[in-house]
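Residue-level structure breakdown
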Amino acid sequence: MATSVAGEGQHSLNGIICDTQAKKLTDLPTELLEHILCFPVLDHVDICNVSCCCKRLHDVCHGRGKVWGHQYKLRWPRLQMFYRQNECCDWLREYKTRHRVGIQIRRTVESISKRFFTEVPCVGQVLGDSFAEIESLGMPEHFCEDELLFILNSDKRKSLTLKYYAKKILYFLRQQNILRSLKTFMEQPADQQSSLEGAVLVDQYCNPLADVTLNSVSAQLDEIAEKVKKMLRIKNSSHPSLRIAQGDCLVVEDFELQRQLVSALNSVLYEQLQYKGNEFDYYNPLNSYIHQVLLRRTGIPISLSVLYMNLARKLGVQLEPVNFPNHFLLRWCQKPTVSEDIYDFVYIDAFGKGKQLTAKECEYLIGHQVTADYYSAISTTEVLLRMVGNLLNIGKRGEGNEKSYQLLRDSLDLYLTINPDNVQYLLLQARLYFHLGIWPEKVLDILQHIQALDPSQHGAVGYLVQHTLEHIQHKKHPVTPEEKKRSAPEHLEVQYSVGLIMKHKRSGYNCVIYGWDPKCTMSQEWITTMRVHQLSNGANQPFYNVLVQDGTCRYAAQENLEPHSAPLEIGHPEVGRYFSEFANTYYFANEELQTRYPEDIVETLGTVQELYHRLTPGLGNQDQASATDQNNHRATPM
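Description of the structure in this document. Everything numeric in this text was worked out from a predicted model, so none of it was measured.

1. Observations regarding the overall build of the chain
Across its full length, the chain holds 24 helices and 13 strands. Counting the 638 residues in the chain, one finds 47% classified as buried. Contacts in the chain between residues at least 24 apart in sequence constitute 60% of all its contacts with a sequence separation of at least 6. Carbon and sulfur atoms make up 52% of the accessible area of the chain, which amounts to about 33,200 Å² in all.

2. Points about the side chain of D146
Inspection of the secondary structure assignment puts D146 in helix 7 (residues 141-152). Those residues in contact with D146, other than ones at most four positions away along the chain, are W76, R78, L79 and R98.

3. A few points about the sheet that holds strand 9 (residues 543-548)
Adjacent strands of a sheet form backbone hydrogen bonds with each other and so pair up, either parallel or antiparallel. Reading across the sheet, the five strands line up as 10-9-8-7-11 and stay open at both edges, with antiparallel pairing between neighbours. Among the strands making up the open sheet, the edge pair consists of strand 10 (553-557) and strand 11 (561-563). Between one strand axis and the next, the sheet turns by 50 degrees as a mean value, whatever way the strands run. With six bridges joining them, strand 8 (residues 510-517) and strand 9 adopt antiparallel strand pairing. Each bridged residue has a counterpart across the sheet, and for I513 the counterpart in strand 9 is V546.

4. Thoughts on the nonpolar core
Residues V217, I224, L269, Y275, L307, Y308 and L319 are the most contacted members of the largest nonpolar core, which totals 45 residues. Of all the secondary structure elements, the ones that give two or more residues to this core are helix 9 (195-206), helix 10 (214-235), helix 11 (255-272), helix 12 (290-296), helix 13 (301-314), strand 4 (329-333), strand 5 (345-349) and helix 15 (380-397). Among the elements that line this core, the one with the most residues is helix 13, at eight residues. Leaving out residues up to four positions away in the same chain, I224 has contacts with V268, L269, L273, Y275, L294 and L311. Membership of the second largest hydrophobic core comes to 37 residues, among which are L179, C206, I418 and I438.

5. A few points about the sheet that holds strand 6 (residues 355-357)
An order of 3-4-5-6 is seen for the four strands of this open sheet, with the pairing classed as antiparallel. Whereas interior strands pair on both sides, the edge strands pair on one side only; in this sheet they are strand 3 (320-322) and strand 6. Along the sheet, successive strands turn relative to each other by an average axial angle of 35 degrees, direction set aside. Sheet analysis places strand 4 next to strand 5, joined by four bridges and oriented antiparallel. Following the sheet pairing, C333 is matched in strand 5 by F345. Each of strand 3, strand 4 and strand 5 touches helix 13; the most contacted strand, strand 4, lies at about 30 degrees to it.

6. Some thoughts on helix 7
Over its 12 residues, helix 7 runs 17 Å from end to end, which matches the ideal 16 Å to within 8%, given 1.5 Å per residue. Along helix 7, the positions that sit buried rather than exposed are F143, C144, D146, E147, L148, L149 and I151.

7. A word on the pairing of strand 4
Among the five residues in strand 4, five count as buried, and that is most of the element. Both faces of strand 4 are covered, namely the face carrying L329, R331 and C333 and the face carrying L330 and W332. Note: strand 3 against strand 4, three bridges, orientation antiparallel. The residue of strand 4 that forms the bridge with P321 is L330. Hairpin connection between strand 3 and strand 4: a loop of six residues separates the two successive antiparallel strands, and N326 in this loop has a positive phi of roughly 65 degrees.

8. Details of the side chain of Q175
Position of Q175 among the secondary structure elements: in helix 8 (residues 160-186). Not counting chain neighbours up to four residues away, the residues in contact with Q175 comprise Y205, P208 and D410.

9. Section: the pattern of salt bridges
The final tally for this structure, using the stated rule, is 20 salt bridges. In this structure, the salt-bridge partner of E147 is R106, at a minimum N-O distance of 2.9 Å. Placement of the pair is E147 in helix 7 and R106 in helix 5 (residues 91-116), with a sequence separation of 41 residues. What makes R106 partly exposed here is its relative accessible area of 22%. Within the structure, one salt-bridge network assembled from shared partners comprises R78, R98, R106, D146 and E147.

10. Some thoughts on the environment of T552
Checked against the element boundaries, T552 lands in the loop between strand 9 and strand 10. For the pair formed by T552 and H572, sequence separation is 20 residues and the distance between their alpha carbons is 7.6 Å. Every residue in contact with T552, bar those within four places of it in the chain, is listed here: V546, L547 and H572. For T552, the side chain forms a polar contact with the side chain of R554, separated by 3.1 Å.

11. Observations concerning a nonpolar patch on the surface
A cluster of nonpolar side chains, L25, L32, I36, F39 and V41, forms an exposed patch at the surface whose accessible area comes to about 410 Å². In this fold, V41 is placed in the loop between helix 1 (30-37) and helix 2 (44-51). V41 gets classed as exposed once you look at its relative accessible area, which sits at 71%.

12. As for the packing of aromatic side chains
Applying the stated criterion across every chain, the model contains 22 aromatic pairs. Arranged with centres 5.2 Å apart and planes meeting at 55 degrees, the rings of W516 and Y597 form a pair that is tilted. Here the residue W516 occupies a position in strand 8, and Y597 occupies one in the loop between helix 22 (591-596) and helix 23 (600-612), the gap between them amounting to 81 residues. Relative accessible area serves as the criterion here: at 0%, W516 is assigned to the buried category. We classify Y597 as buried; its relative accessible area is 5%. Among the aromatic residues, ring-to-ring pairing joins W68, Y72, W76, Y83, W91 and Y95 into one connected group. Stacked on the ring of F345, the Lys or Arg R331 has its end atom at 3.9 Å from the ring centre. Above the plane of the ring of W439 lies K442, whose end atom (NZ or CZ) is 4.9 Å from the centre.

13. Digging into unusual backbone geometry
Here R297, not a glycine, exhibits a phi torsion of approximately 55 degrees, which is positive. By the element assignment, R297 lies in the loop between helix 12 and strand 2 (298-299). Positive phi outside glycine occurs at N326, with the angle close to 65 degrees. As for its position among the elements, N326 is in the loop between strand 3 and strand 4.

14. Considering the packing of helix 17 (residues 423-436) against helix 19 (residues 458-475)
Angle between the axes and distance between the axes are the two parameters that describe a pair of packed helices. Closest axis-to-axis distance for the helix 17/helix 19 pair is 11 Å, and the angle between their directions is 25 degrees. By the criterion of interaxial angle, the relationship of helix 17 to helix 19 is roughly parallel. Relative to helix 19, the crossing made by helix 17 is left-handed. Here helix 17 contributes L427, A430, R431 and F434 to the contact with helix 19, which in turn contributes A460, L464, H467 and T468.

Procedures and definitions
- Residues numbered from 1 in each chain as written.
- Predicted model: local features only at pLDDT ≥ 70, side-chain atom pairs only at ≥ 80, totals over all residues.
- Heavy atoms only, no water.
- Helix = DSSP H or I, 4+ residues; strand = E, 2+ residues; numbered from the N terminus.
- Buried < 20%, exposed > 50% of the residue type's maximum accessible area, 1.4 Å probe, protein only.
- Contact = heavy atoms within 4.5 Å.
- Areas by Shrake-Rupley, 256 points an atom, 1.4 Å probe, with all protein chains shown as cover.
- Pairing = 2+ DSSP bridges.
- Axes fitted to C-alpha atoms, helices over the stretch in contact; angles between N-to-C directions.
- Core = buried A, V, L, I, M, F, W, Y, C linked by side-chain atoms within 4.5 Å.
- Expected span 1.5 Å × (residues − 1).
- Salt bridge = Lys/Arg side-chain N within 4 Å of Asp/Glu carboxyl O.
- Polar contact = N/O pair within 3.5 Å; in protein donor to acceptor, adjacent residues only side chain to side chain.
- Patch = residues over 30% accessible without salt bridge, like charges linked within 9 Å, V, L, I, M, F, W, Y side chains within 5 Å.
- Phe/Tyr/Trp six-rings, centres within 6.5 Å; stacked < 30°, edge-to-face > 60°.
- Lys NZ or Arg CZ within 6 Å of the ring centre and 35° of its normal.
- Parallel < 35°, antiparallel > 145°, perpendicular 65-115°, else oblique.
- Left-handed = near helix turned anticlockwise from the far one by under 90°.

Printed below as a string of structure tokens:
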């Protein structure tokens, strides 16, 4: 690293006499060396190599922590929010810990596909043993999340299987954190529980991968409140609500002033911003999520009521939630003192553009009379139970696909966190897990809890216990999945292979093949219902398992499928379970799927070459290279 030296008394080209002693890089001041080592072109490997050169460079790299702090921030920028500015920290130790966590997380994620490919993966069940190993590292929890996000944000079309399980793990970990927050929320005194915070927690739990925070939702309500103030200022420039600053708790006592504010709120919310009840898509779960209500400006009675009630409270008017049957309402007391007379209140229909109703008019909404109890104000806990109950009912109404099952599981988790001893929903949760064939050990725990709460359920509990134990016993002796070779005589009629992107000739949907049978293997009832006998070859032809663009999984006859003329990505949530990469014109099967269909990858590459690359042979070479890279990746240990 020494510079060239001029002879004694010898002049350099610019006429300046050079030093007789050689100058070395290590003679530079520490601050300048640190600045050089923080250049973006240097990574952690370079820093390790530099630190091994000599004691001087080792001390510069490790002494004050600036170099490794720079490397840490460069590699994991998302983690900066967890450190105070200019915080004194052992950055090398932090770097090593985060690096070890990253390696362990990747090993865990990669191992899940091999262990659970043939089952419906339940992440809580999967992570039990794997994360005990990670927890033993003693690292901050946000390191795990950062590595999972790093995996998810890598090249969109590659590492699909890794991303599939990383997403499931991140979903589970965030939900566990939200449940802890919900339990803390429920432990607060009833008068300190905010319906808005509760609604945000419900939203976060059902959408753990979305960026939903109480601060962002509150900020949007503050923006609406400012619009209401602007409207109010036109009508009454001295209104006390105009003096309320964000975070202040002022109650407007005068009824005329309250009416002015409610009128301005209705004008802004329903006329200016065009909020409305979603009558045409009432059972869409998005109507129950507060961030979606704000985004789409539509919802159902309870979600719009939570929004309306919190806006009114910010502006000084106290409204109370009313658990009215089939139509959630708010009530507004018209007396200066506390009253329980139902006729002393005006009832506000947030779903009906803030319409104000008398007690009698409320009954017209539902078409029958109700007792005075239904007009009573309810607690925040009861608001949340009704909100989650709506999601439960939507999940039960679902089509039996993964999306509806996930909603049912999420809403059951929420309901039983709020009300853990509800036997009806505990039994539903046990039956759901049993039906899906997941987490049998947890099913037994739930059944034991049910038996302790209500011994009269012993019949249903006994039946489920017996079959769950059988399931656990069956899992101890797993059946090796059938290997299907195209070269077998009984498979010669199979024309298509896994990974090909297809189009359904009749229904027109786009899909990708992830499995096939030489003949239809469905029950006679299914064959009759789907009118398979009306096909020219009936059930006596190959049938294909396909992932459809709309998120469904279907079983299609060979005569109804044809290769897509312009292959495109299939936006199905289960793609990563079966495929590791989208290679422009087809999907590359992951290791587990290739084990089941060992001869299909060669067939797929041949079909793709023939169909799409005849005029552009270079593309075919790229696909072959992709296949080679995939196989080399599997052969190389981590």
